[in-house]
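# Structure assessment
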Amino acid sequence: MRAYDIIFKKRSLQELTKKEIEFIVYNYNNGEIADYQMSAFLMAIYFAGMSDTEIFDLTNVMAKSGDIMDLSSYGGATADKHSTGGVGDGTSLIIAPVVASTGIWVPMMSGRGLGHTGGTLDKLESIPGFRTDADVSEFIGYLKYAGMALIGQTQEIAPVDKKMYALRDATATVESIPLICSSIMSKKIAEGSQTLVLDVKTGSGAFMKSYKDAKELAQKMTAIGKKFGRNMSALITDMDTPLGNCAGNSIEIRQAVEILKGNIQNDLSELSLEFAAMMIFKSKKAETMEAARQTAQNQISNGKALEKFRQAIRMQGGNPAVADNPDAVLPKAKKSIKIKAPKSGYIAVMRTRDIGIASMMTGAGRRKKEDRIDHSAGVLFFKKTGDEVSEGETIAELLYNSSENIDEAEILMREAFIITESKAERPQLIKEVIS
């Protein structure tokens, strides 16, 4: 068997066997197959696609390239959530402590921001001292102590995915449904959670721009998870409008703390509580979704979710005082630019991808993986789609320290808000539930 023949077969629109997929993935992982051949294989998949059986076999071999964690041996329910990414998407910061405070273990392996999308790890690392670089033994220790863990992908979990994703990023093959499915699900299967809820975003600020593609991705990932015996659900959610009141790192931590205190109710809190309820319900901690929603809300009202967040921060080396007074702990930007409404009317459209890029240009994100970020930078939103505005009113604010790209960021932000005379409806936050 040769890599050349497998690449040629897939390029010719033929279905690969399990053994052929295993051969190319295992041999790439151990260095027998070169980057240029794997790049060709990924490009062949990008154009030719894969059958459901091929996607399952690819996911399986990628998951088995490292350790498969068995959390069932510790007793109790385990649940995780994964988002395909967007702007202002800080749901994990809220969901994990809410769900963990009910007694469900929440092992979350998260990612970093790249391009216009934010990353949970970058947000958490704005908390002084917070560590996300745990190995598997530390990961288990966090779970035993706090009932939740928010870390980056370990060396032991689906290691071939790291190598393959780096190639996908460099060869313009990221936006392939088979490759997205196998990348996400291989890590989640290896991570060991029994329940997995997926947030598949669609819209201008999402990787899946069309609803059709988002639904196909949600259905395929749900089907793969079920084949591995996981309790699966997927929500297709809106990313035509940024989530919450901000996009950045420390500012999103501050917002999450205020939501956990019960001081802020917005679309971010609404979506977070719905995902938390789904995880509680699928873990059989509530008999109905309505009861699960009430449980999730109660964990905020009684302070248990905030206490769980404080406990997890302390366990992972961060300053737990952030849960009491985030302004005294988190870094703050020294400069700002206010974006004002050029005329009166209603915000009809927010160009969400452009807003994410503007946030990146303040220093809050990365153009490429090697870039360093400014944890204090980002964007605040004072008005969103559907809101009425008056001429000269501040609708957003750029927070920054470095002026290197700020002029371009300001132009993007000024052009990102489309104001019309007639009132526009806010997009439906949750478009469909697939389970």
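What comes next is a walk through the structure. (Residues numbered from 1 in each chain as written. Predicted model: local features only at pLDDT ≥ 70, side-chain atom pairs only at ≥ 80, totals over all residues. Heavy atoms only, no water.)

## Let's talk about the overall build of the protein
- What the protein contains, in helices and strands, is 17 helices and 13 strands.
- Here the protein has a C-alpha radius of gyration of 21 Å; the compact-globule value for 435 residues is 22 Å, and the two agree.
- Overall, the protein is about 65 × 45 × 40 Å in size when its C-alpha atoms are taken along their principal axes.
- When each of the 435 residues of the protein is scored for burial, the buried share is 58%.
- Once local pairs closer than 6 in sequence are excluded, the contacts in the protein between residues at least 24 apart make up 77%.
- Carbon and sulfur atoms form 48% of the exposed surface of the protein, whose accessible area is close to 17,400 Å².
- A distance of 2 Å separates the average location of the 54 positive side-chain charges in the protein from that of its 55 negative side-chain charges. (Helix = DSSP H or I, 4+ residues; strand = E, 2+ residues; numbered from the N terminus. Rg over C-alpha atoms; globule rule 2.2 N^0.38 Å. Buried < 20%, exposed > 50% of the residue type's maximum accessible area, 1.4 Å probe, protein only. Contact = heavy atoms within 4.5 Å. Areas by Shrake-Rupley, 256 points an atom, 1.4 Å probe, with all protein chains shown as cover. Lys, Arg positive; Asp, Glu negative; His and termini not counted. Charge placed at Lys NZ, Arg CZ, Asp CG, Glu CD.)

## Focus: empty space enclosed by the protein
- Throughout the structure, instances matching the rule amount to two cavities of 30 Å³ or more.
- Lining the largest cavity are 20 residues, and of these His116, Thr117, Gly118, Ser359 and Ala364 lie nearest its centre.
- A per-element tally of the lining of the largest cavity places helix α16 (residues 352–364) first, with four residues.
- Looking at side-chain class alone, the lining of the largest cavity contains four nonpolar, 13 polar and three charged residues.
- Here the second largest cavity defines a volume of roughly 30 Å³.
- In this structure, the second largest cavity is lined by Met62, Asp161, Met164, Tyr165, Arg168, Leu179, Ser182 and Ser183.
- Taken together, the elements giving at least two residues each to the lining of the second largest cavity come down to α8 (159–170) and α9 (177–191).
- Sorting elements by how many residues they give to the lining of the second largest cavity places α8 first, with four residues.
- Grouping the amino acids of the lining of the second largest cavity by side-chain chemistry returns four nonpolar, two polar and two charged. (1 Å grid on protein atoms, 1.4 Å probe; cavity = no way out; pocket = protein on both sides within 12 Å on 5 of 7 lines; lining within 4 Å. Points joined across faces, edges and corners; volume = space filled by probe spheres on them. Nonpolar A, V, L, I, M, F, W, Y, C, P; charged D, E, K, R; others polar.)

## Examining the sheet that holds strand β6 (residues 246–248)
- In spatial order, the strands read β6-β9-β11-β7; together these four strands make up an open sheet with antiparallel pairing. What marks the edges here is a single partner per strand, and that holds for β6 and β7 (335–340). The sheet shows a mean angle of 15° between the axes of neighbouring strands, taken without regard to direction.
- In the sheet, β7 pairs with strand β11 (residues 394–400) via six bridges, with the strands oriented antiparallel. (Pairing = 2+ DSSP bridges. Axes fitted to C-alpha atoms, helices over the stretch in contact; angles between N-to-C directions.)

## Details of the packing of aromatic side chains
- Under the definition given, this model contains three aromatic pairs.
- Ring plane angle 85° and centroid distance 5.2 Å describe the contact between Tyr46 and Phe47, whose orientation is recorded as edge-to-face.
- Taking the relative accessible area as the measure of exposure, Tyr46 reaches 33% and is therefore partly exposed.
- The ring of Tyr28 carries the charged tip of Lys163 above its face, separated from the ring centre by 4.4 Å.
- Over the aromatic face of Phe56 sits the side chain of Lys227, whose NZ or CZ is 5.1 Å from the ring centroid. (Phe/Tyr/Trp six-rings, centres within 6.5 Å; stacked < 30°, edge-to-face > 60°. Lys NZ or Arg CZ within 6 Å of the ring centre and 35° of its normal.)

## Observations concerning the sheet that holds strand β10 (residues 388–389)
- If you walk across this open sheet you meet the three strands as β10-β8-β12, and the pairing is antiparallel. A single partner strand is all that each edge strand has here, and the edge strands are β10 and β12 (417–420).
- Bridge analysis of strand β8 (residues 345–350) against β10 gives two bridges, and the strand direction is antiparallel. Bridge pairing links Tyr346 to Glu388 in β10.
- This element, helix α17 (residues 406–416), spans β8 and β12 of the sheet and lies at about 30° to β12.

## Here's the deal with unusual backbone geometry
- Even without being glycine, Ala158 reaches a positive phi, approximately 40°.
- Note that Ala158 resides in the loop between β3 (148–152) and α8.
- On the basis of relative accessible area, Ala158 is assigned to the buried category, the value being 0%.
- The backbone of Ala172 sits at a positive phi, close to 60°, despite the residue not being glycine.
- Mapped onto the elements, Ala172 comes out in the loop between α8 and α9.

## Brief notes about the pattern of salt bridges
- Counted under the stated rule, the structure contains 25 salt bridges.
- In this structure, the salt-bridge partner of Arg310 is Glu307, at a minimum N-O distance of 2.3 Å. Of the two residues, Arg310 and Glu307 both sit in helix α14 (residues 304–315), three residues apart, roughly one turn of that helix.
- We classify Glu307 as partly exposed; its relative accessible area is 36%.
- Residue Lys383 pairs with Glu393 through a salt bridge whose shortest N-O separation is 3.5 Å. Separated by ten residues along the polypeptide, Lys383 in the loop between β9 (378–381) and β10 and Glu393 in the loop between β10 and β11 bring together distant segments of the chain.
- Given the relative accessible area of 26%, Glu393 is considered partly exposed. (Salt bridge = Lys/Arg side-chain N within 4 Å of Asp/Glu carboxyl O.)

## Things to note about the layout of surface pockets
- Its volume calculated, the second largest pocket comes out at about 250 Å³.
- If you go around the second largest pocket, you meet 14 residues; those closest to its centre are Met360, Gly363, Gly365, Arg372 and Asn405.
- A breakdown of the residues in the lining of the second largest pocket according to their chemical character gives three nonpolar, five polar and six charged.

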